[in-house]
Structure formats: structure tokens, C-alpha cells
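Here are the chains, one letter per residue:
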Amino acid sequence: RPRCRSPNVEAPHLRSGPERHLRTRTVTMGGVDEDGLISGLREEQLITNEEMDQIVKEAIDQAIGTNIFLHAKVNLWTSNVVEGVLKRLASLSKPFKYVVTCNFVQKTGSGMHTASTALWDAAVDGKHTVLWESQTIQCVVSVYWLAI
């Protein structure tokens, strides 16, 4: 059964090896103004880490299932994951624009490193990264959301 990990710590990056793992950070902090709004949004309009984890994991599981790594299918898998995440996010009808990235690599024992940064309204905007693994595949999906 494929595994998904997305613990929240300081900076996103991934390295191969038994003791190394994906680290992520989702920024969703800020104060409430006198109208009870957080940068103009109600609390129920914000996105939580748990929501994002579930959305991404469902899209990956639906796109890949139990397949082994096949280079010929990577373009299709990538498109299906990105489109699946975006469709699920759109169905939430929340006031955000989204950016989704997806990377696949074959598990061969070599390393992969990824990093990103952003400057935005930390009270409502955010980023979440999920690592999905099977016996032969590593998939890293990052989702950015920006209030509109």
C-alpha cells in the first residue's frame, strides 16, 4: 500500500534514505480584526492542512492507484494529479486562486531535493506539500493558495 507523509515543520525538502523524510510548512496564521475577519475572510473560508492533505492524497490515489513506475505514464499521471487537485479545490468554492505542482521520480535510491518560498499574506495564504510513495514511485505535490 502506498504511503503519504506530510508532517508540518520548517522548510520543504526531500532526501532519500531511511532516516530522512519530507518536511512541510503551511502558513495559516494571523489575527482576527474587529469584524471577526482574518484579512477579510471568515474562518470557515480558510483552508486547513487536513483539508489539503485529504484533497491531494485522494487525487494521487485516484491517478496512480497501485501502478508501478512506468516512464510512459508519467505525463498522464502528472496531468491527472494536478487536474484532480484543482477540481477538488474548485468544488470547495473558497475565495482563493491555486497553484499546483507535481513531480514524479522512480525510486532507485538516488536523492531528490525540492525547495520553494513565497511572500504573501501569511494570515490567509498558504502552501502545503505532500510526499506520496509506493515501492517504485515517489510523488511530491505542492499546492499554493492565495486569497482573492
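A brief structural summary. (Residues numbered from 1 in each chain as written. Predicted model: local features only at pLDDT ≥ 70, side-chain atom pairs only at ≥ 80, totals over all residues. Heavy atoms only, no water.)

Ranked by internal contacts, the top residues of the largest apolar core, which has 32 residues, are V85, F104, V141 and V143. If you list the elements that add at least two residues to this core, you get helix 1 (49-64), helix 2 (74-91), strand 2 (96-106), strand 3 (126-133) and strand 4 (137-147). Considering every element that reaches this core, the biggest residue donor is helix 1, with 7 residues. For V141, the contacting residues outside a window of four places in its chain are V56, I60, V81, V100, T101, C102, H128, T129 and V130. (Core = buried A, V, L, I, M, F, W, Y, C linked by side-chain atoms within 4.5 Å. Buried < 20%, exposed > 50% of the residue type's maximum accessible area, 1.4 Å probe, protein only. Helix = DSSP H or I, 4+ residues; strand = E, 2+ residues; numbered from the N terminus. Contact = heavy atoms within 4.5 Å.)

Our next topic: helix 1. The first and last C-alpha atoms of helix 1 sit 22 Å apart over 16 residues, in line with the 22 Å expected at 1.5 Å per residue. Of all the positions in helix 1, only N49, M52, D53, I55, V56, A59, I60, A63 and I64 are classed as buried. Against the buried residues of helix 1 lie helix 2, strand 2, strand 3 and strand 4. Once helix 1 ends, the next one or two residues include G65, with phi positive near 60°. (Expected span 1.5 Å × (residues − 1).)

Let us look at unusual backbone geometry. A positive phi angle, near 50°, is found at S39, a position not held by glycine. Its location among the elements puts S39 in the loop between strand 1 (3-5) and helix 1. With a relative accessible area of 41%, S39 lands in the partly exposed category.

Function cannot be inferred from these measures alone, as they are strictly geometric.
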